[in-house]
Amino acid sequence: LFRSYYDHKLYVYHHISRAYKEGIKDFHVLKDLFLDEIKIRGIIENGNNEFYLLNVLNYLTLKNYGLENSSTGKEFRDFLNQNTLLQSGNWKPYKYWTSKQRSWWAGSAELTAALYLEALYN
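Anyway, here's the lowdown on the structure attached to this text. In this text, all values refer to a predicted model and were calculated from it rather than measured experimentally. (Residues numbered from 1 in each chain as written. Predicted model: local features only at pLDDT ≥ 70, side-chain atom pairs only at ≥ 80, totals over all residues. Heavy atoms only, no water.)

**Here's the deal with the pattern of salt bridges**
Under the definition given, this model contains one salt bridge. One salt bridge connects Glu 37 with Lys 9, and the closest N-O pair in it is separated by 3.2 Å. A residue pair is termed long-range when its members are at least 10 positions apart, and Glu 37 in helix α3 (residues 31-41) and Lys 9 in helix α2 (residues 9-21) qualify at 28 residues. A residue is classified by how much of its surface remains accessible, and Lys 9, at 27% relative accessible area, is partly exposed. (Salt bridge = Lys/Arg side-chain N within 4 Å of Asp/Glu carboxyl O. Helix = DSSP H or I, 4+ residues; strand = E, 2+ residues; numbered from the N terminus. Buried < 20%, exposed > 50% of the residue type's maximum accessible area, 1.4 Å probe, protein only.)

Next up, the structure:
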């Protein structure tokens, strides 16, 4: 079902991690699975490609589970801190959600900036 509206399952993991952070503690059983999947997926090095936002959401997923200081969490945090978007403020509308037929997609520069700032806030 997630593939109907999201380009990658890691976007869905982010939503589940937010529910966990907000009190749905039954989702703790997914913590190790998400960490393993994020480790496998790794950081996408090119900050200008369409999956840039995935780096931000991967870090937020780790952060929501209290894994921001894990080696994987630190790797994502370092990537985000060194990325030129932070210095330039050149926020882009990366694809976040898409219609089932893939005929249009949603995302905004404001969403990118808000999620990026959430990732760096602490």
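**Concerning helix α7 (residues 109-120)**
In a regular helix each residue adds 1.5 Å, so 12 residues correspond to 16 Å; α7 covers 17 Å between its end C-alpha atoms and thus fits that length. Those residues of α7 lying buried are Thr 112, Ala 113, Leu 115, Tyr 116 and Ala 119. (Expected span 1.5 Å × (residues − 1).)

**Description of the environment of Arg 41**
The topology assignment puts Arg 41 in helix α3. The partly exposed category is assigned to Arg 41, whose relative accessible area is 32%. Considered as a pair, Arg 41 and Leu 54 are 13 residues apart in the sequence and their alpha carbons are 9.9 Å apart. Setting aside residues no more than four positions away along its own chain, Arg 41 makes contact with His 8, Leu 10 and Leu 54. (Contact = heavy atoms within 4.5 Å.)

**Details of the side chain of Ser 17**
When you line up the elements, Ser 17 lands in helix α2. Excluding its chain neighbours within four sequence positions, the residues that come into contact with Ser 17 are Leu 60, Thr 61, Asn 64 and Tyr 65.

**Comments concerning the environment of Tyr 52**
Along the chain, the position of Tyr 52 falls in helix α4 (residues 52-64). Spatially, the C-alpha atom of Tyr 52 lies 7.3 Å from that of Tyr 94, the residues being 42 residues apart in sequence.

**Topic: helix α5 (residues 71-82)**
For α5, built from 12 residues, the straight-helix expectation of 16 Å at 1.5 Å per residue is met to within 8% by its first-to-last C-alpha distance of 17 Å. Of the positions making up α5, those classed as buried are Thr 72, Gly 73, Phe 76, Phe 79 and Leu 80. The buried residues of α5 occupy one face: seen down the axis, they fall within an arc of 125°. Across from the buried face of α5, at angles greater than 90 degrees, the exposed residues are Ser 71 and Gln 82. (Arc of directions from axis to C-beta.)

**Some remarks on the packing of aromatic side chains**
Within this structure, the stated rule accounts for three aromatic pairs. Here Tyr 13 and Phe 34 contribute two aromatic rings whose centre-to-centre distance is 4.0 Å and whose plane-to-plane angle is 15°, an arrangement assigned as stacked. On the criterion of sequence distance, the pair formed by Tyr 13 in helix α2 and Phe 34 in helix α3 is long-range, its members being 21 residues apart. Judged on exposure class, the residue Tyr 13 and its partner Phe 34 are both buried. Arranged with centres 5.9 Å apart and planes meeting at 75°, the rings of Phe 34 and Tyr 65 form a pair that is edge-to-face. Here Phe 34, found in helix α3, pairs with Tyr 65, found in the loop between α4 and α5; they are 31 residues apart in sequence, far enough to count as distant. Residues Phe 34 and Tyr 65 agree in their burial class; the two are buried. (Phe/Tyr/Trp six-rings, centres within 6.5 Å; stacked < 30°, edge-to-face > 60°.)

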